[in-house]
Amino acid sequence: MIPPRHFALIPAAGVGARMGVGHPKQYLPLAGKAMLLHALETFALHPVIEHSFVVVSAEDGYIDDLLAAQAHLQDKVTVLRHGGQTRHASVLNGLRVIANQLTDSDWVLVHDAARPGLTKELIDRLVHALKEDAVGGLLALPVVDTLKRSDAQSCVRETVSRENLWAAQTPQMFRYGLLKHALESTINVTDEASAIEALGHHPKLVEGSPRNFKVTLPHDVALAELHLKGNS
């Protein structure tokens, strides 16, 4: 039997409205290179990753120039111009496009373009933890802050126990066949694990890293650069 392979899929069709930079945030310069490029290079340099696919909008005017300047990625990254209005749509569209290149048992690692802090060690940890897992799982961090639920006036309504709570990260790693079925069977999910959960499965939580946070707001940029320049 041929062992399952590992593929990376990066949905990058967002417009980055909350960053206020006038172009998609995945192309924002961070530590000397576009944000998206950090993740693409991490996957491309990892020996277990067979190939990477990046899903962009049909109107994306940046990706071709970005990759044209990266000769070392030419045979390692394929651009799919099938981005949707949501992450769910982009990932599902991407999975459908690459259907003839993967088997149902191959692993797909879905990763946010706006998480430039991914490292080889984090991929190693995820792949090792899920090697024999029947379902798959995701990187995540145990919640350490005290959580408050607010009312409509932004006043505290209650304190929420943080016991057994985790903050989801990416990559989220699942078998191609199961992931595609899960996303086709659900709507209004914000990550792949939620779609898998909707089928009654229980994805495994694998401890990630604070450096693997999602760059969302302008003040996140300086923190991301500290991590990337320090390689901590």
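One numbering rule holds for all chains: residues counted from 1, following each sequence as written. Reporting of local features is limited, given that this is a predicted model, to residues whose pLDDT is at least 70; pairs of side-chain atoms are given and counted only at 80 or more, and all residues count toward the totals for whole chains, interfaces and linings. The side-chain quantities take in all heavy atoms of the structure and omit both hydrogens and water.

A. Highlighting the pattern of salt bridges. Just to be clear on terms, a salt bridge is a Lys or Arg side-chain nitrogen sitting within 4 Å of an Asp or Glu carboxyl oxygen. Counted by the stated rule, this structure contains 11 salt bridges. The partner of Arg96 in a salt bridge is Glu184, and the shortest N-O contact between them spans 3.3 Å. Of this pair, Arg96 sits in helix 3 (residues 87-97) while Glu184 sits in helix 5 (residues 176-185), and the two are 88 residues apart along the sequence. Given a relative accessible area of 44%, Arg96 falls into the partly exposed group. Overall, Glu184 belongs to the partly exposed group, its relative accessible area being 39%. With its nearest N and O atoms 3.0 Å apart, the salt bridge here joins Glu184 to Lys180. Remark: Lys180 and Glu184 occur in helix 5; sequence separation between them is 4 residues, near one turn of the helix. By sharing partners, the salt bridges in this structure join Arg87, Asp112, Arg115 and Glu192 into a single network. Helix and strand definitions follow DSSP, with helices as H or I runs of at least four residues and strands as E runs of at least two, each counted in order from the N terminus. Buried residues are those whose accessible area, probed at 1.4 Å on protein chains only, stays under 20% of the maximum for their type, while exposed residues exceed 50% and partly exposed ones sit between those limits.

B. Focus on the side chain of Thr119. Tracing the sequence through the fold places Thr119 in the loop between strand 6 (107-110) and helix 4 (120-130). Here a polar contact is recorded for every N or O atom pair within 3.5 Å, except that within protein the pair must consist of a potential hydrogen donor and a potential acceptor, and residues adjacent in sequence are included only if both atoms are side-chain atoms. There is a polar contact of 3.2 Å between the side chain of Thr119 and the backbone nitrogen of Leu122. If we skip the residues at most four places from it in the chain, Thr119 touches Thr42 and Arg211. Contacts are residue-level and defined by heavy atoms, with any inter-residue pair within 4.5 Å sufficient.

C. Structural view of the sheet that holds strand 1 (residues 6-11). The mixed open sheet is built from 7 strands, whose spatial order is 5-4-1-6-10-7-11. Looking at strand neighbours, the two that pair on one side only are strand 5 (77-80) and strand 11 (204-207), the edges of this open sheet. If you compare each strand with its neighbour and ignore which way they point, the axes differ by 30° on average. For two strands to count as paired, DSSP must find a minimum of two bridges between them. As paired elements, strand 7 (residues 136-142) and strand 10 (residues 166-175) share 6 bridges and run antiparallel to each other. Directly across from Ala140, in strand 10, lies its bridge partner Ala168. Axis lines are fitted through C-alpha atoms, for helices just across the contact stretch, and the angle between N-to-C directions can take any value from 0 to 180 degrees.

D. Region of the structure containing helix 5. Along helix 5, the positions that sit buried rather than exposed are Tyr176, Gly177, Leu178, Leu179, Ala182 and Leu183. Looking at the buried residues of helix 5, the elements they touch are helix 3, strand 6, strand 10 and helix 6 (192-198).

E. Representation of the packing of aromatic side chains within the structure. Aromatic rings from Phe, Tyr and Trp, with only the six-membered ring used for Trp, were paired whenever their centres fell within 6.5 Å, and each pair was classed as stacked if the ring planes differed by under 30 degrees, edge-to-face if by over 60, and tilted otherwise. In the structure shown here, the tally under the stated rule is 2 aromatic pairs. Ring centres 5.1 Å apart and planes at 25° place the aromatic pair Tyr27 and Tyr62 in the stacked group. Here the residue Tyr27 occupies a position in the loop between strand 1 and strand 2 (29-30), and Tyr62 occupies one in the loop between strand 4 (49-55) and helix 2 (63-68), the gap between them amounting to 35 residues. Tyr27 sits in the buried class, given a relative accessible area of 9%. Its relative accessible area of 36% is what places Tyr62 among the partly exposed residues.

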